[in-house]
Amino acid sequence: MLEVTKRSNRAAWLALLLAVGALAANFAFFVNPPWQDALPWLSLLLAIAALAGLGIGLRRALFQRKIYRGKVLSIVFAVLALMFAGGSLFVFYHARALPNWTAAPQVGQQAPDFTLADSNGKFVSLEDLFAPSPIDLSSPAPKAVLLIFYRGYW
Amino acid sequence: MAISVDPPIASRDLSKKAGYAFTILSDPDATVIRRYHLLHVGGGPDGQDIARPAEFLIDREKIVRWANFAEDVRVRARADEMLSAASQVH
């Protein structure tokens, strides 16, 4: 029988590399790049590519052992890739599981009035926010107010 | 200014920590969040009802001049988008 050198299972370690990339894309939000709206899609793409890679890598490790070497290492890589890619897909899904916004006020519509307590417990209405600054009386009244609804628990 | 279900004390801590000078309002019962149709039922860390992220630019006539509704909790309106929207209001 002819002795042949076995090939390296590149798919397995490439899958791990892609999965690490998918995970890293999720952490990139913390540096707040101007193209952050592309990050979820980059993470999704890398995670899917990692899953495809680990599928090929596992098949080679388990069923094509005559051609490829490094069975144990390939399986370790594939399991890690599965964890990282799976985690990225989980985060992708949950970060986007937001309720519909079509009933919210849209451009050109009236913003509902409100009165709520500020961080000192003082009640403030939407109307009050258009008053001139109490700190700098020389500054004119604001032309517009930016209203930010956020999730809280910071 | 910003609105969340956080109590005033939590907003005060946040302002102090982050150095925010703008008004932060507390809507613990999500009354105003509901009025704006932005309630995320069970969206809080322990299943509390919270606000889904959204930003509005409102003029003196209380008309919405610009709005942004996050599709991903991690992707919010950028400062340059908001400033450019604000510069359109006269």
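Keep in mind the model is a prediction, meaning the values are calculated, not measured. (Residues numbered from 1 in each chain as written. Chains lettered and ligands numbered in written order. Predicted model: local features only at pLDDT ≥ 70, side-chain atom pairs only at ≥ 80, totals over all residues.)

Brief notes about the overall build of chain A
Helix and strand counts for chain A come out as 3 helices and 5 strands. Its helices and strands taken in sequence order, chain A reads β-α-α-β-α-β-β-β from the N to the C terminus. Judged by the C-alpha coordinates and their principal axes, chain A covers about 95 × 30 × 30 Å. The proportion of buried residues among the 154 residues of chain A is 28%. Restricting to contacts in chain A with at least 6 residues of sequence separation, those with at least 24 account for 63%. (Helix = DSSP H or I, 4+ residues; strand = E, 2+ residues; numbered from the N terminus. Buried ≥ 20, exposed ≤ 12 C-beta atoms within 10 Å, placed from the backbone. Contact = placed C-beta atoms within 7 Å.)

Here we look at the domain arrangement of chain B
Taken domain by domain, chain B holds domain 1 (1-52) and domain 2 (54-90). Measuring from the centre of the C-alpha atoms in domain 1 of chain B to the corresponding centre in domain 2 of chain B gives 18 Å. (Domains from an automatic or database assignment.)

Examining the interface of chain B and chain A
On the chain A side, the residues contacting the 56 residues of chain B number 43 residues. Counting residues per element, the side of chain B that touches chain A draws most heavily on strand β5 (residues 54-59) of chain B, at 6 residues. By residue class, the composition of the side of chain B that touches chain A is 32 nonpolar, 10 polar and 14 charged. With 6 bridges joining them, strand β5 (residues 144-149) of chain A and β5 of chain B adopt antiparallel strand pairing. Counted as the bridge partner of Phe149 of chain A is Ala54 of chain B from β5 of chain B. (Nonpolar A, V, L, I, M, F, W, Y, C, P; charged D, E, K, R; others polar. Pairing = 2+ DSSP bridges.)

Quick notes on unusual backbone geometry
You will see that Asn32 of chain A, though not glycine, has its phi angle at about 55°, which is positive. With respect to the helices and strands, the residue Asn32 of chain A is situated in the loop between α1 (10-27) and α2 (39-63). Overall, the presence of 10 C-beta atoms within 10 Å leaves Asn32 of chain A in the exposed class. Even without being a glycine, Lys62 of chain B presents a positive backbone phi close to 70°.

Here we look at the pairing of β5 of chain B
Residue and element names in this part refer to chain B. Counting buried positions along β5 gives 5 out of 6 residues, so the element sits mostly inside the fold. Pairing analysis gives 5 bridges linking β5 to strand β6 (residues 64-69), with the strands arranged antiparallel. Of the residues in β6, the one forming a bridge with Ile58 is Val64. Between the antiparallel neighbours β5 and β6 lie 4 residues, among them Lys62 with a positive phi of about 70°.

Here we look at the environment of Lys71 of chain A
All names here are of chain A. Secondary-structure assignment places Lys71 in helix α3 (residues 71-95). In sequence terms Lys71 and Val107 are 36 residues apart; their C-alpha atoms lie 59 Å from each other. Every residue in contact with Lys71, bar those within four places of it in the chain, is listed here: Ala61 and Arg65.

Considering the nonpolar core
Residues Phe149 of chain A together with Ile3, Ile33 and Ala51 of chain B are the most contacted members of the largest nonpolar core, which totals 27 residues. For this core, the elements supplying multiple residues, two or more each, are β5 of chain A together with β1 (2-4), β2 (24-26), α2 (31-35), β4 (50-51), β5 and β6 of chain B. Residue-level mapping places this core at the junction of two domains, with at least three residues from each of domain 1 (1-52) and domain 2 (54-90) of chain B. The contact partners of Ala51 of chain B, leaving out residues within four places of it in the chain, are Phe149, Tyr150 and Arg151 of chain A together with Ile3, Ser4, Val5, Ile33, Leu38 and His40 of chain B. Of all hydrophobic cores here, the second largest spans 22 residues; its members include Trp13, Ala15, Leu51 and Leu54 of chain A. (Core = buried A, V, L, I, M, F, W, Y, C linked by C-beta atoms within 7 Å.)

Focus on the confidence of the model for chain B
Interpretation of this model should avoid reading the predicted coordinates in detail wherever pLDDT is low. Residues and elements named next belong to chain B. This prediction gives chain B a mean pLDDT of 93; 100% of its residues lie at or above 70. The lowest-confidence element of chain B is helix α3 (residues 79-87), averaging 89 in pLDDT; the highest-confidence one is α2, averaging 97. Two numbers describe this predicted complex: its pTM, 0.86, and its ipTM, 0.95. (pLDDT = per-residue confidence, 0-100.)

A look at the environment of Pro53 of chain B
Mapped onto the secondary structure, Pro53 of chain B falls in the loop between β4 and β5. Separated by 19 residues in the primary sequence, Pro53 of chain B and Arg34 of chain B place their C-alpha atoms 13 Å from one another.

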